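Here is what each chain is made of, one letter per residue.
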Amino acid sequence: MVDKSRILVADVAAIAEATAVLLGGGIVAVPTETVYGLAARAGDAAAVARIYQAKGRPSFNPLIVHVSGVAQAAELVEIDAVSARLMAAFWPGALTLVLPLKAGAAVAGLVTAGLSTLAVRCPAHFVMQALIAGAGPLAAPSANASGRISSTTAAHVAESLGKWGGLILDGGACAAGVESTILAVGVGGVRLLRAGAMAVEDIMAVLGEMGTPTPLALGGESPSPQGGGRLLAPGMMASHYAPLQPLRMNVVAADVGEFHVGFGDIVGDLNLSAVGDVVEAAARLFDVLHIAEASGRAGIAVAPVPIAGLGLAINDRLRRAAAPK
Ligand code: AMP
Ligand code: MG
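Quick summary incoming for the structure in this document. (Residues numbered from 1 in each chain as written. Chains lettered and ligands numbered in written order. Predicted model: local features only at pLDDT ≥ 70, side-chain atom pairs only at ≥ 80, totals over all residues. Heavy atoms only, no water.)

**Brief notes about the overall build of the protein**
Along its length, the protein carries 10 helices and 14 strands. Here the protein holds 325 residues, and the buried ones make up 53% of them. Summarising the internal contacts of the protein: among those between residues at least 6 apart in sequence, 67% fall at separations of at least 24. Split by element, the accessible area of the protein, about 13,200 Å² in all, is 58% carbon and sulfur. (Helix = DSSP H or I, 4+ residues; strand = E, 2+ residues; numbered from the N terminus. Buried < 20%, exposed > 50% of the residue type's maximum accessible area, 1.4 Å probe, protein only. Contact = heavy atoms within 4.5 Å. Areas by Shrake-Rupley, 256 points an atom, 1.4 Å probe, with all protein chains shown as cover.)

Set out below in structure tokens:
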């Protein structure tokens, strides 16, 4: 195993070092009570792009943002009576809630993959909480290479993300060892997006007390938001995010009436990365697409983005946006 990562026991000094890394725009692997996470400050688009780079993710999935508690969550998402009740009952803990993103919330577009909803969770683990206290809300997917199983020890992280070479805080084996349960709370009721460490029966009991309709998918298939799980409204699915206008890829010279998204030497109306850096381009992608959409032009044309590193995920996302609607 070729491994340049540095594993530090998560003591006060290591937590302080990790906090400094986060504040400086870096990413760190951290223990939580579910699985190890790979964390970046939620408002730092470039740092969030580095998470995707480290994981080698071929596509952009929305990430869970970890918060210190209900008050911090309220700065990022709209909390209705049902989600407030669920937070009171299960936070801190292994329950993630997908809620409407607040306008102006300090969350990078790459975190939500351009969606208007945000997944939030308040972790119980003291290491994650200490980092949030020092660095603010943290976006963190599981700390494993894309397509590999989640990591439940620091050694798993080092093995899975061997080439990454960053700082791994060792907090021992994760108590739960499986990912959080994810619920979407919206006008249509409560939907189970992912079965996980928080028992659905316990959630049902709390919702039952409130008399809330619960179209939870108990047993059987566990719908994934990316995979087109039928319990989600199509507009909420990451894979369905697309600008309103038709979008063309690999366009060197845009047609009249098109908004041209540039890359590198192809300047365009707005450039993803003038220096041709795919990490910078990933960090800017969703913001730029939103601006292009809001321009009101008849179409969007995007310059070629090389299929290397994060360029793979960028091209995947553009292909979905370009697909006939
Ligand atoms: P991981 O970070 O590896 O635990 O995976 C996070 C999960 O949360 C993925 O399945 C995401 O699709 C899901 N998720 C995060 N944000 C949202 C959102 N806004 N809407 C629907 N699903 C989400
Ligand atoms: Mg994962």
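Moving on from the model shown.
**Quick word on the packing of aromatic side chains**
Applying the stated criterion across every chain yields a total of 2 aromatic pairs. Between F60 and F286, the aromatic rings sit 5.9 Å apart at their centres with planes inclined by 75 degrees, giving edge-to-face as the arrangement. Placement of the pair is F60 in the loop between helix 2 (45–55) and strand 4 (64–66) and F286 in helix 9 (residues 278–294), with a sequence separation of 226 residues. Just as F60 is buried, F286 falls in that class too. Every member of this aromatic cluster is reached through a ring pair, and the members are Y52, F60 and F286. (Phe/Tyr/Trp six-rings, centres within 6.5 Å; stacked < 30°, edge-to-face > 60°.)

**Re the packing of helix 9 against helix 10 (residues 311–322)**
Following both chains from N to C, one finds helix 9 and helix 10 inclined at 20 degrees, their axes separated by 9 Å at the closest point. Relative to helix 10, the element helix 9 is oriented roughly parallel. In the packing of helix 9 onto helix 10, the handedness of the crossing is left-handed. In contact with V278, A281, A282, L285, F286 and L289 of helix 9, helix 10 contributes G311, I314, R317 and L318. (Axes fitted to C-alpha atoms, helices over the stretch in contact; angles between N-to-C directions. Parallel < 35°, antiparallel > 145°, perpendicular 65-115°, else oblique. Left-handed = near helix turned anticlockwise from the far one by under 90°.)

**Notes on the packing of helix 2 against helix 9**
Between helix 2 and helix 9, the shortest axis-to-axis distance is 8 Å and the interhelical angle comes to 115 degrees. Along this stretch, helix 2 crosses helix 9, giving a crossing that reads as right-handed. Contacts from A45, A46, A49, R50 and Q53 of helix 2 reach helix 9 at V279, A282 and A283. By residue class, the composition of the contact of helix 2 with helix 9 is 6 nonpolar, 1 polar and 1 charged. (Nonpolar A, V, L, I, M, F, W, Y, C, P; charged D, E, K, R; others polar.)

**Overview of helix 2**
Of the positions making up helix 2, those classed as buried are A47, V48, A49, I51, Y52, A54 and K55. Of the surrounding secondary structure, the elements contacted by the buried residues of helix 2 are strand 3 (37–41), helix 5 (109–112), strand 7 (138–139) and helix 9. Once helix 2 ends, the next one or two residues include G56, with phi positive near 65 degrees.

**Considerations on helix 9**
Its 17 residues place the ends of helix 9 23 Å apart at the C-alpha level, agreeing with the 24 Å of an ideal helix rising 1.5 Å per residue. Roughly 50 degrees is the biggest bend found in helix 9, and it falls at L285. Here helix 9 has its buried residues at V278, V279, A281, A282, A283, L285, F286, V288, L289, A292 and E293. Regarding helix 9, its N-cap is D277, as a side-chain oxygen of that residue lies 3.0 Å from the backbone nitrogen of V279 further along. Positive backbone phi, approximately 75 degrees, marks G296, located one or two places after helix 9. (Expected span 1.5 Å × (residues − 1). Bend = angle between axes of the 7 residues up to and from the residue. Polar contact = N/O pair within 3.5 Å; in protein donor to acceptor, adjacent residues only side chain to side chain.)

**Comments concerning the sheet that holds strand 4**
An order of 1-8-2-3-7-4-6-5-9-10 is seen for the 10 strands of this open sheet, with the pairing classed as mixed. Each of the sheet's edge strands pairs with one partner strand only, and the pair in question is strand 1 (6–9) and strand 10 (189–194). Pairing geometry for strand 2 (residues 28–30) and strand 3, over 3 bridges, is antiparallel. Residue pairing in the sheet places V28 in a bridge with A39 of strand 3. (Pairing = 2+ DSSP bridges.)

**A look at the nonpolar core**
Counting residues in hydrophobic clusters, the biggest one holds 80 residues, and the most contacted among them are F60 and L86. Broken down by element, the residue count for this core peaks at 10 residues, all from helix 9. Beyond its immediate chain neighbours, meaning those up to four positions away, F60 contacts Y52, L110, A113, A282, L285, F286, A313, I314 and R317. If you look at the next biggest cluster of nonpolar residues, it comprises 17 residues, including A10, V30, V127 and L169. (Core = buried A, V, L, I, M, F, W, Y, C linked by side-chain atoms within 4.5 Å.)

**Considerations on the pattern of salt bridges**
Enumeration over the complete set of coordinates arrives at 7 salt bridges. In this structure, R248 engages E258 in a salt bridge whose closest nitrogen and oxygen atoms are separated by 2.8 Å. On the criterion of sequence distance, the pair formed by R248 in strand 11 (residues 247–248) and E258 in strand 12 (residues 258–262) is long-range, its members being 10 residues apart. Residue class for R248 comes out partly exposed when judged on its relative accessible area of 36%. A salt bridge links D269 to R297; its shortest N-O distance comes to 3.0 Å. You can see D269 sitting in the loop between strand 12 and strand 13 (270–271) and its partner R297 sitting in the loop between helix 9 and strand 14 (299–302), a full 28 residues away along the chain. Residue classification places D269 among the partly exposed residues on the basis of a relative accessible area of 40%. Through salt bridges with shared partners, a single network forms among R248, D255 and E258. (Salt bridge = Lys/Arg side-chain N within 4 Å of Asp/Glu carboxyl O.)

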